[in-house]
Amino acid sequence: MSKVAVVMGSTSDLPIMQEAVDILKGFDIEVDVDIVSAHRTPEKLFNFAKNAHKKGYAVIIAGAGGAAHLPGMVASLSPLPVIGVPVKSSNSIDGWDSVLSILQMPGGVPVATVALNGAKNAGILAAQILGCADNCVLDKILVYKEGLKEKVIQGAQNLPNKKQ
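Residues numbered from 1 in each chain as written. Predicted model: local features only at pLDDT ≥ 70, side-chain atom pairs only at ≥ 80, totals over all residues. Heavy atoms only, no water.

### A few points about the nonpolar core
Working step 1: Membership of the largest hydrophobic core comes to 27 residues, with the highest contact counts inside it found for Val-4, Val-6, Met-17, Leu-24, Ile-29, Ile-61 and Val-85.
Working step 2: Counting residues in hydrophobic clusters, the runner-up holds 21 residues, among them Phe-48, Ala-49, Ala-68 and Val-109. (Core = buried A, V, L, I, M, F, W, Y, C linked by side-chain atoms within 4.5 Å. Buried < 20%, exposed > 50% of the residue type's maximum accessible area, 1.4 Å probe, protein only.)

The structure is reproduced here in structure tokens:
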């Protein structure tokens with residue numbers, strides 16, 4: 001079974017990135033978590049990104065705030081799909097700096113970008129990527145999506161003043 005790497009620029013990103021970890025674990029997908037700063041530990045970043053595919057990872061989720069170079073730098077060095085999570089950090093300009101830093105990648109260096117603080121969706125997207133080749137993961141995603149549908153149906157049934 002393939003595994004997913006969840007990396008972030010600093011420990012302050014962990015509360016957001018934990019949502020990706022939790023959803024992946026909920027799908028029984030192996031996940032490794034690390035701090036890899038594009039600006040403070042560039043050697044670690046290069047080593048991680050260049051070797052991630054050799055360590056059994058199939059997808060990388062990279063979260064960063066502020067200038068948010070981590071996802072793009074990982075994508076520039078790794079042959080694996082990278083999902084970027086813009087994180088609204090304390091030094092951020094309402095999060096837009098992070099969103100645009102991750103979203104506006106040059107041609108040839110794609111980063112799938114989720115919403116600001118959207119680590120849960122990053123985890124789901126990583127699971128869906130793995131589900132393309134792993135029917136066990138695909139089945140869990142189908143069950144998860146059915147659960148989302150059921151929540152909406154239940155919510156609609158419980159509305160006050162709903163016409164029957």
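From this point, the narrative continues.
### Quick notes on the pairing of strand 4 (residues 82-87)
Regular strands show a simple pattern: their side chains alternate between the two faces of the sheet.
Working step 1: Burial within strand 4 is extensive, with 6 of its 6 residues counted as buried.
Working step 2: Of the two faces of strand 4, the one carrying Val-82, Gly-84 and Pro-86 and the one carrying Ile-83, Val-85 and Val-87 are both buried.
Working step 3: Bridge analysis of strand 3 (residues 57-65) against strand 4 gives 6 bridges, and the strand direction is parallel. Looking at strand 4, one finds that Ala-62 is bridged to Gly-84.
Working step 4: A crossover connection joins strand 3 to the parallel strand 4 through helix 3 (residues 70-77); in handedness this β-α-β unit is right-handed.
Working step 5: Between the parallel pair strand 4 and strand 5 (residues 112-113), the chain is carried across by helix 4 (residues 96-103), and the sense of this crossover is right-handed. (Helix = DSSP H or I, 4+ residues; strand = E, 2+ residues; numbered from the N terminus. Pairing = 2+ DSSP bridges. Right-handed = clockwise from strand over helix to strand, strands pointing away.)

Just distances and angles here, no functional claims.
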